[in-house]
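# Results of the structural survey
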Amino acid sequence: MESDLKIKLEQLHQRVDQLKDQINTEEATKNAFVMPFIQILGYDIFNPTEVIPEFICDIGTKKGEKIDYVIKKDNEPILIIECKHWKENVDAHNSQLHRYYHVSKSRFGVLTNGHQYNFYSDLEKPNIMDDKPFFTLDLSNIKDSNIKILEKFSKNGYNLEEILDSAEALKYIKAIRNEFEKELQEPSDEIVRLLVNRFFDKPMTASRLVTFKEYTRKAFSNSINDSINYRLKNALNINENVPSKSVEQIESVDANSEIPKFITTEEEVEASQIVKAILREVIPSSRIAFRDTQSYFGILLDDNNRKPICRLHFNSSNKYVELFNNGKDNGEKKLIGSLDEIYDFKNELHSTIKNYE
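Quantities reported herein were computed from a predicted structural model and do not represent experimental measurements.

So, about the overall build of the protein chain. A tally of regular secondary structure across the protein chain gives ten helices and eleven strands. Relative to its full complement of 357 residues, the protein chain shows a buried share of 41%. Look at the contacts in the protein chain between residues 6 or more apart in sequence, and 52% of them connect residues 24 or more apart. Accessible area for the protein chain stands at about 20000 Å²; split by element, carbon and sulfur atoms hold 47% of it.

Below, the structure is given as structure tokens:
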């Protein structure tokens, strides 16, 4: 079920990317993107007793207010969906859904622009929708963990108790992660004192606090980069090509040294594995090297900067693969909607290798 669901969602993402520039209205967004999403979850969009469009609800003195979609199961509303145009920032439009939620019997509400889906519930106060979603699905970045959650909202997999059990955990794990990421970027006085007081027994003066905040920031950055490099080496099984810091190097970091400005992401690791799989058909894997930089993730032949195979530009909302099969120093960037599209460049990658041989 999960793999099939993921495939269908990835296909929907491709559809969104292909058609979005031709979608000029909110109604068109609903028809082209949101209805297929509801159908992917297994609900019959042509059954008005199961998927009810333009569901009328009265909100106080306002009569005839309409929810874009209400999904029912066993004749009970289980999900209300409010849609916005695909260009809208869906995070900024939850007030309308908040009003609808209050008069709905559904425990879950969804706010979407066709490519991002924010799922809300009432974890803080009964029958009052939370201000922040407990789960967000972005079609451009579908993870296996997302599929497991989404499956619980499908027609065949819907389970109210299981969703409520996991919703609270999802909500607070997300909140903790956000706070953790803030600390990584700019450690607070509280976290610095907590850590330093465990090994430093001198008074924490204001000047020392400033110094230790910088040390803490560098320690966080070094630790994360070391962890990612270790995972990268193990994932690619090419130890000699992936630089990493030794314990001695970390301990001897100068106080004025620069903090690394980039972090190798899981997507870059996964994409590099795809490229490696493609190239192993024509060359030994030992000849494939990887170098991460602030601007791109580079894949090289024989660890030679003059022999770039391709570069991954994943540092923005759009993802590009830069190819070098034309024999020129300057590569050609190709926009991709998902990592699987890298397989479409098999011929170009093989051609690049032949140019260097």
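Let's pick the thread back up.
Here strand S9 (residues 308–313) lies mainly inside the structure; five of its six residues are buried. Here strand S8 (residues 297–301) pairs with S9 via four bridges, running antiparallel. The residue of S9 that forms the bridge with Gly298 is Arg311. Adjacent in sequence and paired antiparallel, S8 and S9 are bridged by six residues, among which Asp302 carries a positive phi angle near 60°.

What follows covers the sheet that holds S8. Taken together, the five strands give an open sheet; going across it, the order is S7-S8-S9-S10-S11, and neighbouring strands pair in antiparallel fashion. A strand with exactly one partner marks an edge of an open sheet, and here the two such strands are strand S7 (288–292) and strand S11 (332–336). Strand after strand, the sheet turns through a mean of 20° between neighbouring axes, direction not considered. The pairing of S9 with strand S10 (residues 319–323) spans four bridges and is classified as antiparallel. By the bridge assignment, Cys310 is partnered in S10 with Leu323.

With that settled, the discussion passes to the packing of aromatic side chains. On inspection of all chains with the given rule, the structure shows nine aromatic pairs. An aromatic cluster of at least three residues, connected via ring pairs, comprises Phe108, Phe119, Phe134, Phe135 and Phe153. Just above the ring of Tyr69 sits the side chain of Lys30; from NZ or CZ to the centre is 5.8 Å.

Moving on to helix H3 (residues 94–103). Every buried residue belonging to H3 is among Asn94, Leu97, Tyr100 and Tyr101, and all of these are buried. All buried residues of H3 fall inside an arc of 120° around its axis, so they share one side.

About the criteria used
- Residues numbered from 1 in each chain as written.
- Predicted model: local features only at pLDDT ≥ 70, side-chain atom pairs only at ≥ 80, totals over all residues.
- Heavy atoms only, no water.
- Helix = DSSP H or I, 4+ residues; strand = E, 2+ residues; numbered from the N terminus.
- Buried < 20%, exposed > 50% of the residue type's maximum accessible area, 1.4 Å probe, protein only.
- Contact = heavy atoms within 4.5 Å.
- Areas by Shrake-Rupley, 256 points an atom, 1.4 Å probe, with all protein chains shown as cover.
- Pairing = 2+ DSSP bridges.
- Axes fitted to C-alpha atoms, helices over the stretch in contact; angles between N-to-C directions.
- Phe/Tyr/Trp six-rings, centres within 6.5 Å; stacked < 30°, edge-to-face > 60°.
- Lys NZ or Arg CZ within 6 Å of the ring centre and 35° of its normal.
- Arc of directions from axis to C-beta.

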